[in-house]
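# What the coordinates show
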Amino acid sequence: MSENSNVVVVGAGVIGLTTALLLARQGNCNVTIVAKHMPGDYDIEYTSPWAGANWWPVSNSGTEHADQERITFHELWHLAKNVPQAGIHVQDSVIYNRNKDTDKTSITDRFNELLAEEPWFKDLAPGFRKLKQEELPKNLGVDSGTIFKSVCINTAIYLPYLVSCCVALGVTVKRGVVEHICDAVSMHASGIRADVVVNCTGISARKIGGVMDKNVIPIRGQIVIVRNVAPAMICSSGTDEAEDDNMYIMTRAAGGGTVIGGCYQKNNWESQPDPNLALRMMKRAVEYCPQLVKPDQGVEGLDVIRHGVGLRPFRIGGTRIESEKINDVTVVHNYGAGGFGYQASYGMAQYALKLVNCALITRANL
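Conventions adopted
- Residues numbered from 1 in each chain as written.
- Predicted model: local features only at pLDDT ≥ 70, side-chain atom pairs only at ≥ 80, totals over all residues.
- Heavy atoms only, no water.
- Pairing = 2+ DSSP bridges.
- Helix = DSSP H or I, 4+ residues; strand = E, 2+ residues; numbered from the N terminus.
- Axes fitted to C-alpha atoms, helices over the stretch in contact; angles between N-to-C directions.
- Polar contact = N/O pair within 3.5 Å; in protein donor to acceptor, adjacent residues only side chain to side chain.
- Contact = heavy atoms within 4.5 Å.
- Phe/Tyr/Trp six-rings, centres within 6.5 Å; stacked < 30°, edge-to-face > 60°.
- Buried < 20%, exposed > 50% of the residue type's maximum accessible area, 1.4 Å probe, protein only.
- Expected span 1.5 Å × (residues − 1).
- Bend = angle between axes of the 7 residues up to and from the residue.
- Parallel < 35°, antiparallel > 145°, perpendicular 65-115°, else oblique.
- Left-handed = near helix turned anticlockwise from the far one by under 90°.
- Nonpolar A, V, L, I, M, F, W, Y, C, P; charged D, E, K, R; others polar.

## Considerations on the sheet that holds strand β14 (residues 320–326)
- Across the sheet, which stays open at both edges, the 6 strands sit in the order β6-β2-β1-β7-β15-β14 with mixed pairing between neighbours. Edge positions in the sheet fall to β6 (172–175) and β14, since each has one partner strand and no second. Taken pair by pair, the neighbouring strands of this sheet meet at an average axis angle of 20 degrees, ignoring direction.
- As paired strands, strand β7 (residues 196–199) and strand β15 (residues 329–335) are joined by 3 bridges and run parallel to one another. The residue bridging Asn199 from the neighbouring strand is His333, located in β15.

Below you can see the structure in the form of structure tokens.
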């Protein structure tokens, strides 16, 4: 493998930044990140700032996805415990399960392991246990639940933290619009043709030339960020309103506010918040977590910072982490995480890193 291989990473969401960071840490690549959107931007095409974000595993036991979430948990836990400037903290995670939601395949397909009483991560997440009946909320139809320690990420701090780590290791970060994935080969900061292009374009993998992956679809999410503080991260298996409505609450680290969600609307590109959905989300949050507000305040006790909408870059059939020759350009794809980008980010990046290294070895032996 060349000691000074040139790699261009396209995309500066959590997957692109994490992949670039691991490549830079390896020490044998000159890395350039090229992206239309950067941390600090808020755009419907740029998903990462809108995420919760936390570690609630949704993978099935024994899969590569589970391995990626396991790898990522260790790194995020380390950051929460030892690197306060990353904007991550440890919280209790409370998962409520309602038996009547088991027939809603849109929910059980996504959260099968998270809702299980004996999930694969029970020996990984500290303090995992089943909730006692007296710990369950009353009059909300909750039949069972679990609790464990996990992490919550302040995305407004964490994304710039990743950029700073990359820059400290010599990564060049620049804005650019890549119309065709092969165009990125000539966008390395050195002015020299890149040896490998890494495609971390998220939702844009659907339309970028040379990729045009129609299996990538948006899954719309909507959130309300409030100044109120929740005692734990909380989610429920379902709601009594629309089937694609969700209920989750998480307080971000370092003053990032509390995120209230949400929804899971497939193939919905709408960028503007739905006020009716926002009201439903806030009402559910207060029902499941009365500690958010003072007694008898209800929704009026929520101090709203802003409303937000993001498009989860979901890929039908699962993530795409593979190497491909497009024209004469070696492209390593790393996209399609949907709503689990943060919690699988380091694992996905490690898998992509192996493919980059294989491509560079092959190139060196030519």
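## Describing the side chain of Ser93
- Position of Ser93 relative to the elements: it lies in strand β3 (residues 88–97).
- Side chain to side chain, Ser93 and Trp56 meet in a polar contact 3.0 Å long.
- Leaving out residues up to four positions away in the same chain, Ser93 has contacts with Trp56, Thr146, Ile147, Phe148, Ser150 and Met233.

## A closer look at the packing of aromatic side chains
- One pass over the structure, following the stated rule, counts 12 aromatic pairs.
- With 5.9 Å between their ring centres and 85 degrees between their planes, Trp55 and Phe121 make a pair best called edge-to-face. Pair noted here: Trp55 is in the loop between β2 (29–35) and α2 (64–82) and Phe121 is in the loop between α3 (105–115) and β4 (129–130), with a separation of 66 residues, a long-range link. By the burial criterion, Trp55 is buried, and Phe121 matches it.
- Ring centres of Phe121 and Phe148 lie 5.2 Å apart, and the angle between their planes is 65 degrees; on these two criteria the pair is classed as edge-to-face. Taken as a pair, Phe121 in the loop between α3 and β4 and Phe148 in strand β5 (residues 144–153) lie far apart in primary sequence, 27 residues in all.
- According to the relative accessible area criterion, Phe148 is buried, its value standing at 1%.
- Pairwise contacts between aromatic rings join Trp55, Phe73, Trp77, Trp120, Phe121, Phe128 and Phe148 into one cluster.

## Description of helix α6 (residues 341–364)
- The terminal C-alpha atoms of α6 lie 32 Å apart, and with 24 residues this matches the ideal 34 Å at 1.5 Å per residue to within 8%.
- A maximum bend of about 35 degrees is found in α6 at Gly347.

## Considerations on the packing of α2 against α6
- Where α2 contacts α6, the axes come no closer than 6 Å and their chain directions differ by 110 degrees. Taken together, the axes of α2 and α6 lie roughly perpendicular to each other. Judged by the sense of rotation from one axis to the other, the crossing of α2 with α6 is right-handed. Seen from α2, the contacting residues are Glu64, Asp67, Gln68, Glu69, Ile71, Thr72, Glu75, Leu76 and Leu79; seen from α6, they are Tyr342, Gln343, Ala344, Ser345, Tyr346, Gly347, Met348, Gln350 and Tyr351.
- For the contact of α2 with α6, a count of residues per class yields 8 nonpolar, 6 polar and 4 charged.

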